[in-house]
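Remarks on the overall topology
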Amino acid sequence: MTEGPLIVQSDKTLLLDIDNPLSGECRHAIAPFAELERAPEHIHTYRITPLGLWNARAAGHDAEQVIDTLLKYSRYSVPHALLIDIADTMGRYGRLRLLKHPAHGLVLESSDRAVLEEVLRAKKIAPLVGMRLDEDSVVVHPSARGQIKQTLLKLGWPAEDLAGYVDGQSHPIELVQDDWDLRNYQREAAENFASGGSGVVVLPCGAGKTIVGAAAMAMTKATTLILVTNTVSVHQWRRELLKRTTLTEEEIGEYSGAKKEIRPVTIATYQVLTTRKNGVYAHLDLFDEHDWGLIMYDEVHLLPAPIFRFTADIQSKRRLGLTATLVREDGREGDVFSLIGPKRYDAPWKDIEAQGYIAPADCVEVRVTLPEHERIVYATAEREERYRLAATTALKEKVVKALVDQHADDHVLVIGQYLDQLDNLSEALGAPVINGATPVKERERLYEAFRTGELPCLVVSKVANFSIDLPEANVAIQVSGSFGSRQEEAQRLGRILRPKADGRGARFYTVVSRDTVDADFAAHRQRFLAEQGYAYRIIDADDVLSPKAE
Amino acid sequence: MSNLTTATDTQATQARPRSLADDLRRRDDQALTQLLKNRPDLVNPVPADLRALAARATGAPSMTRALDLFNAFGIAVACLAARIEDPITLADLQTAVREKAPESPSELVEEIFNQLFDLGLTWGLPSSIAMVRGCRDILVAHTDDFVDAGLAHPSIGLAADAVARDGQHIATSAAQNALEFVRLTEALCRLWTTEPPNGLKTGGLSARDLARAADQLDVDVDTAALIIETAYAAGLIANDGASDSVFTATTNFDEWEQCDVGTRWALLARSWLLNDRVPGLVGERDAKENKLTALSVDLERSFALKLRLAIIRELASLPPNTSVGDSTIIERLDWRRPRKVDPRKHEFVLWTTREAATLGVTGLGALAPHGFDLINNLVPADDDIVVTTLSQHLPEPVDHVILQPDLTAIAPGPLRPELAKEIATMADVESTGGATVFRFSEQSLRRAFDLGQEASEILDFLTKLSRTPIPQPLEYAIADLAKRHGQLRIGNAACYIRCDDLALLDSVMAASEAQPLHLRRIAPSVVVTSAAPASVIARLHAIGLTPTAEGPDGGMVITRGNSRQPTAHRPQPHLRDEGAPSQRLLAAAVKALRGGEDNTERALESSSEPSRPLPPRSAPSKTLGILREAIEEGVALRIGYASSNGTTVEHMIDPVRVNAGQVTAYDHRGGDVRTFTVSRITGVEALPAIPEQVQP
């Protein structure tokens with residue numbers, strides 16, 4: 001029997017034995033078509049999904065390669081049905097193609113007449129197509145390009161989009177690599193994007209997604225619209241672009257609640273684009289107002305629904321999505337695939353950590369036991385009140401205080417969901433608090449003070465979940481969150497993963513009330529990171545409050 | 001060596017036998033045994049005597065079967081023999097064959113010549129062989145094109161699409177599929193135990209339920225239909241036969257589930273192979289445009305079993321570890337059974353090869369060693385052979401798991417059954433296949449505690465089972481649960497007795513009839529016992545009390561019976577003349593035939609009184625035998641015939657042909673050719689030779 005590193009399961013999951021000498025080679029071979037689902041210590045789980053297989057097809061891999069890879073590395077023989085299924089699924093991609101037509105603009109063409117007939121009979125396709133040109137092709141209205149791709153994907157016949165892109169208005173952009181170099185994975189990610197045209201790059205928090213964006217801009221050399229989650233992030237992107245590229249202050253515009261500048265490179269927030277005035281999205285025209293050559297979506301897993309809709313209409317523009325996790329709590333990964341593009345690059349967190357580009361992190365769950373009177377209140381509370389009660393127990397304040405004291409030499413972020421809890425903590429710790437109400441100027445001042453080390457500790461609300469660059473932060477204490485959100489957990493950990501100047505590791509505490517929904521949510525939140533290979537240690541609050549030698 | 005040539009020496013001096021029956025009488029026991037072995041339909045049931053045997057052997061259905069034993073070349077040679085007037089000699093036949101196909105190997109022609117004799121299709125002495133008339137009729141009907149095509153291929157080689165494969169690879173790949181098929185079948189039965197689908201009024205399974213099963217098993221609809229049909233054929237699922245009928249797992253499933261993988265597979269594979277139903281038809285439309293549904297009677301096809309066997313045997317006839325395309329299989333089938341017109345052969349071959357792959361009978365398109373054993377051992381008693389072969393190729397069982405911090409345990413191969421059972425009490429199976437992934441959760445661990453295990457036992461078991469240290473989150477999860485487990489008192493009790501009247505409870509506790517229940521009072525108004533509710537109720541009835549069963553909500557409970565279908569309704573398809581009859585049966589049959597022969601002769605002697613007005617009464621089968629013999633020998637018969645007015649009349653006839661219960665004969669009394677109904681012939685007797693001119 002061959003001792004391959006891979007075990008193929010009936011439910012289309014792949015188990016990769018990390019301790020096997022061939023595991024590294026195998027991981028690279030299966031990465032193009034299988035999604036990494038869990039990456040704990042010994043055995044990683046990958047999953048073969050239709051979306052993953054189509055991603056692989058889009059990236060130029062064929063079914064034979066996929067099957068060969070499975071057969072080559074599999075420890076046991078691979079279920080026949082699974083191989084057939086892979087071939088069938090991959091064979092579905094590209095039977096339908098979207099092409100440019102000199103006379104009719106955009107056409108949907110098929111190499112398989114039966115498939116075309118089948119999809120044309122679908123109710124949702126009918127309004128998107130026009131005249132039938134011949135037996136194998138039909139006119140598609142250019143504005144329906146995104147929608148038809150989305151619908152075809154749902155029907156299980158993903159179309160290959162060969163209609164190309166408009167180049168947009170060109171604009172000179174170069175990288176300025178004076179005191180830094182593009183990392184290998186960053187270059188690879190940018191190159192994969194450039195050769196593919198559109199797509200999504202998945203990199204861990206802190207691995208330098210902004211730089212991948214800058215590199216992609218330098219390769220596209222065209223006017224660029226960058227969509228980010230919030231204003232602070234706008235400023236960060238702007239700072240990074242000024243530092244990493246030849247772009248000057250005058251070339252970069254900010255389009256946010258405060259400013260409405262449109263420049264060759266414009267950074268806008270999702271929020272301003274989705275602001276409605278009298279029921280209409282007042283700012284969506286931004287997409288059309290300028291002949292953009294590239295549209296970048298930061299944190300694409302958070303892309304709000306209206307932006308999806310609008311993205312469907314701009315399929316002729318090059319699009320790049322950046323994210324740390326493709327996990328969407330709303331399950332719209334398929335829309336990301338069909339509207340932004342297939343996954344162009346993915347790197348496991350632990351790989352990047354091993355290369356030293358993100359700091360190693362130690363995750364600790366601190367369990368507190370609710371005092372008797374709070375347990376009674378908790379037990380009799382309404383269901384929707386329970387999480388808040390459990391998450392904001394006064395005992396957590398004491399634990400946080402003790403933790404912050406232990407980390408007197410570190411840069412500590414205390415992150416929470418509930419504002420009164422954060423205010424209380426701020427008071428108890430003597431640290432300033434940043435929340436949604438804090439003016440942008442004040443926020444930036446505090447972040448700056450934190451960066452310089454003037455402030456050793458900051459209390460922040462969920463405004464700090466994303467895209468806040470606080471390189472020196474190395475300890476995060478999470479006291480509450482938005483329920484069981486896995487990606488929030490990942491984002492929060494990401495805050496402290498920037499490699500430290502002194503090579504210090506990061507410490508991520510989660511304070512959790514034992515035997516309550518708080519613990520259940522914590523377990524759910526931890527799944528993504530546990531699956532990425534982060535092992536959570538559990539300690540008891542008493543160990544923190546009366547520390548023994550740790 | 002043929003019986004024809006051995007017979008030559010002993011019978012050289014003897015007179016030519018008068019008929020096939022006469023010839024059979026002269027054949028020795030070994031030759032008869034050989035005949036019965038090659039034509040098993042002749043002993044089913046054993047005929048009364050050799051005359052009856054000859055009668056059956058010359059019947060059209062039996063002769064058709066015998067001729068079907070010849071391949072394309074053989075049947076072509078036989079056709080040429082049939083075109084030669086009696087007597088046929090080997091030399092004449094060789095000449096006839098050489099005329100058409102000079103390259104034909106003469107030893108092969110001789111072999112076929114002998115085979116025709118051994119099978120009782122020809123008879124006589126080597127110098128003057130006669131062909132059974134019915135056989136000649138069948139053979140001369142074949143066209144020249146058919147004969148020429150057959151002569152062109154004395155043997156069949158391998159087609160260009162034959163691929164030699166690695167034997168080990170074939171075996172493991174097939175074994176893996178076998179394992180998977182067993183797992184899917186088990187999953188189906190479990191699914192239908194909890195959610196039994198309703199049967200359609202027409203008896204089948206609705207397309208929606210089929211699609212649902214496919215969805216839940218995560219296979220395509222065709223595979224789901226195969227799994228369902230195979231489980232049905234194996235008697236693991238059945239219709240419960242109620243008015244609002246459902247399909248559910250049978251008690252056979254419970255037994256089957258306990259067997260090892262190999263035994264479980266052997267049952268499924270044999271049930272599939274010997275199924276007279278065609279799962280591939282599911283979803284097609286019948287003549288009335290109705291969709292054929294799984295588990296309905298519409299899937300039965302009389303040819304299915306034999307054709308499927310023929311296809312798998314064709315695979316077995318290939319050189320070892322060779323896979324060929326479907327078209328080659330069809331080509332070989334056509335050559336080996338040239339006279340068969342199989343309905344929808346192409347689709348059937350496609351279905352069968354695909355199903356064989358899904359079941360793991362074949363791997364990489366070639367017959368696996370356990371598939372080979374299966375086709376050679378078709379009776380359940382021989383399953384051991386199949387199981388032994390299969391288990392050699394199943395992955396080695398593992399005796400450890402790998403525990404991971406994300407609360408999963410992975411067995412990197414098939415876990416030894418007792419370990420799998422144990423770990424399944426404390427963790428849920430998340431995925432199966434080459435390996436098994438277990439996930440620990442609060443619910444799964446609670447299940448272990450509920451079964452009476454303690455934290456230390458669970459940890460001990462996992463420590464021993466795991467190659468990796470127990471991850472802290474798991475340790476915490478177990479410890480946390482154990483702590484809470486201790487707070488609440490949990491005991492094993494089958495039922496409780498609850499009563500607000502404490503005095504009444506006192507009296508129950510004191511009653512002698514209630515002593516065997518070992519009642520324990522855990523609260524003033526609650527008594528528990530480990531006895532089953534039904535027996536507690538019975539005991540309390542005995543004391544003269546009228547208890548009611550209570551559900552978890554305090555409401556009255558009406559218990560439903562066991563949801564298992566007690567018996568499998570589906571009988572195994574009958575293995576008629578598949579696989580040769582045993583040596584013992586053959587010997588007994590020959591002995592019985594010889595015995596019967598003696599009796600008949602004695603009976604004939606005693607009853608041949610010339611003075612009787614009507615021939616002696618004989619049973620229709622015997623009548624038929626005498627008729628056939630008379631046709632062969634060309635003799636006239638005297639028969640008693642029940643006329644339409646109820647009287648029995650004597651006829652003198654020269655029988656010409658027997659077909660479908662009718663005798664076509666020249667009637668000497670009427671002077672014309674007419675037909676007689678065999679069942680109305682009351683008796684039959686040979687007439688002395690008729691003058692030449694009377695012959696029609």
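Computed from a prediction, not measured in an experiment: that's the story for all the values here.

Describing the overall build of chain B
Per the secondary structure count, chain B includes 28 helices and 20 strands. Residue burial in chain B is summarised as follows: out of 696 residues, 39% are buried. Counting only contacts in chain B whose residues sit at least 6 apart along the sequence, the fraction spanning at least 24 positions is 66%.

Overview of the overall build of chain A
If you tally the helices and strands in chain A, you get 22 helices and 25 strands. When the 550 residues of chain A are sorted by exposure, 50% land in the buried category.

Brief notes about the environment of Ile-352 of chain A
Residues and elements named next belong to chain A. Examined against the element boundaries, Ile-352 turns out to sit in helix H14 (residues 349-354). The spatial distance from the C-alpha of Ile-352 to the C-alpha of Leu-203 is 8.7 Å, given a sequence separation of 149 residues. If sequence neighbours within four positions are ignored, Ile-352 has contacts with Tyr-185, Pro-204, Ala-207, Ala-347, Tyr-357 and Ile-358.

Here's the deal with the sheet that holds strand E13 (residues 265-269) of chain A
All names here are of chain A. Overall, parallel pairing links the seven strands, which are arranged E12-E13-E11-E16-E17-E10-E18 in an open sheet. Across the chains shown, the open sheet's two edge strands, defined by having one partner strand only, are strand E12 (252-255) and strand E18 (343-346). For this sheet, the mean angle separating the axes of adjacent strands, direction not counted, is 15 degrees. The pairing of strand E11 (residues 224-228) with E13 spans five bridges and is parallel. Looking at the pairing, Thr-224 lines up with Val-265 of E13. Those strands touched by helix H7 (residues 184-196) are strand E10 (199-202), strand E17 (318-323) and E18, and its axis lies near 170 degrees from that of E18.

Some points on the interface of chain B and chain A
Counting residues at the interface gives 28 residues for chain B and 26 residues for chain A. At the level of secondary structure, the elements contributing two or more residues to the side of chain B that touches chain A comprise helix H11 (167-194), helix H18 (345-359), strand E9 (402-404) and helix H24 (472-487) of chain B. Classifying every residue of the side of chain B that touches chain A gives 10 nonpolar, 13 polar and five charged.

Overview of the packing of H11 of chain B against helix H13 (residues 221-233) of chain B
Residues and elements named next belong to chain B. At a minimum axis distance of 10 Å, the contact between H11 and H13 shows a crossing angle of 80 degrees. In this view, H11 runs roughly perpendicular relative to H13, as classed from their interaxial angle. Along its contact with H11, which presents Leu-184, Thr-185, Leu-188 and Cys-189, the element H13 presents Ile-227, Ile-228, Thr-230 and Ala-231. Residues that form the contact of H11 with H13 fall into these classes: six nonpolar, two polar and no charged.

Some remarks on the nonpolar core
Nonpolar side chains tend to gather and get buried jointly when the protein is soluble and globular. One finds Val-201, Leu-227, Val-414 and Ile-477 of chain A to be the most contacted residues of the largest nonpolar core, which totals 180 residues. Top element by residues in this core is helix H8 (residues 209-220) of chain A. It accounts for seven residues. Setting aside residues no more than four positions away along its own chain, Val-414 of chain A makes contact with Val-400, Leu-425, Leu-429, Cys-457, Val-459, Ile-477 and Val-479 of chain A. Ranked by size, the runner-up nonpolar core spans 70 residues in total, among them Trp-256, Leu-299, Val-324 and Trp-351 of chain B.

Description of the pairing of strand E16 (residues 294-297) of chain A
Residue and element names in this part refer to chain A. Alternating positions in E16 separate into two faces, Leu-294 and Met-296 on one and Ile-295 and Tyr-297 on the other, with burial throughout. Here four bridges tie E11 to E16, and the two strands are oriented parallel to one another. Counted as the bridge partner of Thr-224 is Leu-294 from E16. Pairing geometry for E16 and E17, over four bridges, is parallel. Of the residues in E17, the one forming a bridge with Met-296 is Leu-320. Of the crossover connections in this fold, the one passing from E16 over helix H12 (residues 305-313) to the parallel E17 is right-handed.

Let's talk about helix H1 (residues 23-30) of chain A
Residues Cys-26, Arg-27 and Ile-30 of chain A constitute the buried set of H1 of chain A. All buried residues of H1 of chain A project into a common sector of 105 degrees when viewed along the axis, lining one side.

Concerning the environment of Pro-371 of chain A
Mapped onto the elements of the fold, Pro-371 of chain A is located in the loop between strand E19 (361-368) and helix H15 (372-380). For the pair Pro-371 of chain A and Ala-394 of chain A, spaced 23 residues apart in sequence, the C-alpha separation works out to 9.5 Å.

Here we look at unusual backbone geometry
At the junction of Asp-86 of chain B and Pro-87 of chain B, the peptide bond is cis and its omega measures out at -5 degrees in the coordinates. Following the sequence through the fold, Pro-87 of chain B ends up in the loop between helix H6 (72-82) and helix H7 (90-100). Phi angles above zero are rare outside glycine, and Lys-12 of chain A is one such case at about 70 degrees. Note on Lys-12 of chain A: 22 C-beta atoms within 10 Å, which makes it buried.

A closer look at the confidence of the model for chain B
Residue and element names in this part refer to chain B. Taken as a whole, chain B shows an average pLDDT of 82; of its residues, 89% reach a score of 70 or greater. When mean pLDDT is compared element by element in chain B, H13 scores highest at 94, while helix H1 (residues 3-11) scores lowest at 51. Confidence drops under a pLDDT of 50 for residues 574-578, and excluding neighbours within four residues, the segment shows seven contacts in the predicted structure. Across the interface, the model reports ipTM at 0.71; the global pTM reads 0.62.

Concerning the packing of H11 of chain B against H18 of chain B
Residue and element names in this part refer to chain B. Relative orientation of the contacting elements H11 and H18 amounts to 85 degrees, with a least axis distance of 6 Å. One finds that H11 runs roughly perpendicular with respect to H18. Between H11, through Asn-177, Ala-178 and Phe-181, and H18, the contact on the second element is made entirely by Ala-357, Thr-358 and Leu-359. Considering only residue class, the contact of H11 with H18 consists of four nonpolar, two polar and no charged.

Thoughts on the sheet that holds strand E25 (residues 536-540) of chain A
Residue and element names in this part refer to chain A. The sheet built from seven strands is open, its strands ordered E21-E22-E20-E23-E24-E19-E25 with parallel pairing. Looking along the sheet, the strands with just one partner apiece sit at the ends: strand E21 (433-434) and E25. Direction of pairing for strand E20 (residues 412-415) relative to strand E22 (residues 457-460): parallel, over a ladder of four bridges. Paired with Ile-415 across the two strands is Val-460, which belongs to E22.

Description of helix H18 (residues 419-429) of chain A
Residue and element names in this part refer to chain A. Restricting attention to buried positions, one finds in H18 the residues Gln-421, Leu-422, Leu-425 and Leu-429. Viewed along the axis of H18, the buried residues span an arc of 95 degrees, placing them on a single side of the element. Of the exposed residues in H18, those oriented more than 90 degrees away from the buried face are Asp-420 and Glu-427. Each element contacted by the buried residues of H18 is listed here: helix H17 (394-406), E20, E21 and E22. Where H18 terminates, the next one or two residues include Gly-430, which has phi positive at roughly 70 degrees.

Side note on the environment of Lys-124 of chain A
All names here are of chain A. Here Lys-124 lies in the loop between helix H5 (113-121) and strand E7 (129-134). Judged by local crowding, Lys-124 falls into the partly exposed class, with 14 C-beta atoms found within 10 Å. The spacing of Lys-124 and Gln-147 is 23 residues in sequence and 9.7 Å in space, taken between C-alpha atoms.

About the criteria used
- Residues numbered from 1 in each chain as written.
- Chains lettered and ligands numbered in written order.
- Predicted model: local features only at pLDDT ≥ 70, side-chain atom pairs only at ≥ 80, totals over all residues.
- Helix = DSSP H or I, 4+ residues; strand = E, 2+ residues; numbered from the N terminus.
- Buried ≥ 20, exposed ≤ 12 C-beta atoms within 10 Å, placed from the backbone.
- Contact = placed C-beta atoms within 7 Å.
- Pairing = 2+ DSSP bridges.
- Axes fitted to C-alpha atoms, helices over the stretch in contact; angles between N-to-C directions.
- Nonpolar A, V, L, I, M, F, W, Y, C, P; charged D, E, K, R; others polar.
- Parallel < 35°, antiparallel > 145°, perpendicular 65-115°, else oblique.
- Core = buried A, V, L, I, M, F, W, Y, C linked by C-beta atoms within 7 Å.
- Right-handed = clockwise from strand over helix to strand, strands pointing away.
- Arc of directions from axis to C-beta.
- pLDDT = per-residue confidence, 0-100.

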